[in-house]
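Architecture and fold: a report
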Amino acid sequence: MSSAAAPVIIHAEPLGRFVQAVVAAGGSAAAEAEAVAHNLVEANLTGHDSHGVGMLPRYVDNLLAGGLVANQRLRVVAEQGSLLTLDGQAGYGQVMGRRAMERGIALARTHGVAVVGLANSHHLGRIGAWAEQCLAAGLVSIHFVNVISEPIVAPFGGSDGRFVTNPMCVGIPIEGREPLVLDFATSRVAMGKVRVAHNKGEALAPGILIDEQGRPSTDPGVMFRDPHGALLPLGEHKGYGLAVACEILAGALAGGSTLHHAKPSPDSIINNMLSLIVDPARLGTAARLASEARAFADWVTASPPAPGQRVLLPGDPERAWRRQRQADGIPIDATTWAQLGAAAAKLGVSAPAA
Ligand code: NAD
């Protein structure tokens with residue numbers, strides 16, 4: 001497999017303006033279009049092309065099919081003390097997620113902790129963005145997410161897709177250092193990374209995919225056939241267990257739904273998320289967190305690196321990508337760029353000159 005055409009290199013600002021124009025042409029108010037564009041471009045800037053502007057064609061199709069609703073409002077399902085359950089009503093996750101976190105942060109400031117269920121939001125994108133919003137307010141957060149779309153991840157010991165890539169995320173401030181932002185799909189890789197490899201014409205490493213008959217494969221094309229193959233969970237039975245916990249915490253406890261017999265709509269990507277937001281000052285452990293987290297971060301990253309390796313903290317790779325791509329621009333593979341142009345054209349917007 002090989003992809004002949006060179007990638008397009010584009011800086012974050014013009015890319016953001018283009019995405020904003022497409023979302024606005026879909027009927028979104030200016031603030032919503034700006035929030036969606038900022039969030040998608042941030043994912044590219046942090047190296048997660050899987051959750052960046054390459055998602056826009058799917059968003060446009062979902063919008064036109066009615067599975068994504070512009071200018072939607074959060075609906076409060078239940079609110080009691082530090083507990084809040086919200087329904088995103090298939091609105092843009094970039095807006096539903098931000099507003100849900102704003103409310104959770106306010107509750108955590110008042111009560112010391114907030115438990116926020118956000119059900120039925122359209123795609124919430126890079127979950128790290130929600131931890132970063134809490135970190136900007138000085139708060140620790142933990143997020144569990146499930147995904148209602150075509151099941152593409154096989155259970156440990158299984159041979160077909162039964163759930164999706166169910167991400168989880170933890171954000172912790174570290175005194176005197178950049179914060180820890182642990183943010184990952186519970187599959188071996190995020191599905192968007194399979195799409196990016198497929199668009200680039202690249203093979204994936206062994207141990208990530210099985211084909212439609214459950215046989216090991218390195219061809220991302222197995223996920224774009226009908227019937228399709230499946231991704232494997234990370235960490236064998238342990239990652240599988242974490243994925244199941246995400247499915248039930250987000251898809252049930254947070255008020256959403258889980259995947260089972262009913263076929264999910266092909267016209268939407270629904271995320272449910274359970275977030276726990278903690279104010280260390282109110283817990284009485286802020287000083288302890290500051291000293292111990294810093295001491296441990298310094299200690300663990302002082303481990304002598306294995307040959308050819310570096311010891312990083314979760315969140316460091318994204319910060320390095322951001323610095324590099326903010327300066328040099330964001331590479332977008334030719335297939336993804338063509339898909340973006342086609343999606344924009346559906347709403348009467350032209351792509352900027354490559
Ligand atoms: P990944 O495999 O790149 O792992 C990312 C995590 O690992 C980050 O916390 C990163 O800082 C850390 N990390 C990477 N290299 C490291 C190193 N050498 N040392 C220490 N830490 C390191 O990410 P992924 O699993 O492919 O997920 C990509 C993105 O996709 C995430 O932002 C996730 O939220 C998002 N996602 C979203 C959905 C959704 O439905 N909205 C579903 C799945 C994934």
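Since the structure is predicted, the reported quantities are computational estimates derived from the model, not experimental observations.

Below, the discussion takes up the site of the ligand. Close contacts around the ligand come from 23 residues, with Asp183, Ala185, Lys193, Gly315 and Glu318 the closest. Take Asp183: an N or O atom from its side chain is 2.5 Å from an oxygen atom of the ligand. For the ligand, an oxygen atom lies 3.5 Å from a polar atom in the backbone of Ala190. Across the complex, the protein chains shield 80% of the 870 Å² of accessible surface that the ligand would expose by itself. Here the shell around the ligand gets five residues from one element, more than from any other, and that element is strand β7 (residues 180-185). Of the residues assigned to the shell around the ligand, the class counts are twelve nonpolar, seven polar and four charged.

Here we come to the sheet that holds strand β3 (residues 83-87). The sheet built from seven strands is open, its strands ordered β2-β3-β4-β11-β5-β6-β7 with mixed pairing. The outermost strands of the open sheet, each flanked by one partner alone, are β2 (75-80) and β7. Here the strands of the sheet are splayed against their neighbours by 10 degrees on average, with no regard to which way each runs. One ladder, built from eight bridges, connects strand β4 (residues 113-122) with strand β11 (residues 270-278); its direction is antiparallel. In the sheet register, His122 faces β11, and the bridge partner there is Ile270.

Moving on, we come to the pattern of salt bridges. Summed over the entire model, instances satisfying the criterion amount to 15 salt bridges. Of the charged contacts in the structure, one is a salt bridge between Arg103 and Glu79, with a shortest N-O distance of 3.6 Å. One end of the pair, Arg103, is in helix α4 (residues 93-111); the other, Glu79, is in strand β2, and 24 residues separate them in sequence. Residue Lys263 pairs with Glu150 through a salt bridge whose shortest N-O separation is 3.0 Å. Within this pair, whereas Lys263 is found in the loop between α7 (236-253) and β11, its partner Glu150 is found in the loop between β5 (140-148) and β6 (167-172), the two being separated by 113 residues in sequence. One network of salt bridges, with partners in common, ties together Arg177, Arg294 and Asp298.

Turning our eyes to something else, we now look at unusual backbone geometry. Omega for the bond connecting Asp226 with Pro227 falls within 30 degrees of zero, at 0 degrees, which places this linkage in the cis form. You can see Pro227 is positioned in the loop between β9 (216-217) and β10 (230-231). Despite not being glycine, Asn71 has its phi angle at roughly 55 degrees, a positive value. Examined against the element boundaries, Asn71 turns out to sit in the loop between α3 (56-65) and β2. By relative accessible area, Asn71 is classed as partly exposed at 38%. With a phi angle near 60 degrees, Ala90 is a residue other than glycine that sits in the positive phi range. Relative to the helices and strands, Ala90 is located in the loop between β3 and α4.

The rules behind the values
- Residues numbered from 1 in each chain as written.
- Predicted model: local features only at pLDDT ≥ 70, side-chain atom pairs only at ≥ 80, totals over all residues.
- Heavy atoms only, no water.
- Near = heavy atom within 4 Å.
- Polar contact = N/O pair within 3.5 Å; in protein donor to acceptor, adjacent residues only side chain to side chain.
- Areas by Shrake-Rupley, 256 points an atom, 1.4 Å probe, with all protein chains shown as cover.
- Helix = DSSP H or I, 4+ residues; strand = E, 2+ residues; numbered from the N terminus.
- Nonpolar A, V, L, I, M, F, W, Y, C, P; charged D, E, K, R; others polar.
- Pairing = 2+ DSSP bridges.
- Axes fitted to C-alpha atoms, helices over the stretch in contact; angles between N-to-C directions.
- Salt bridge = Lys/Arg side-chain N within 4 Å of Asp/Glu carboxyl O.
- Buried < 20%, exposed > 50% of the residue type's maximum accessible area, 1.4 Å probe, protein only.

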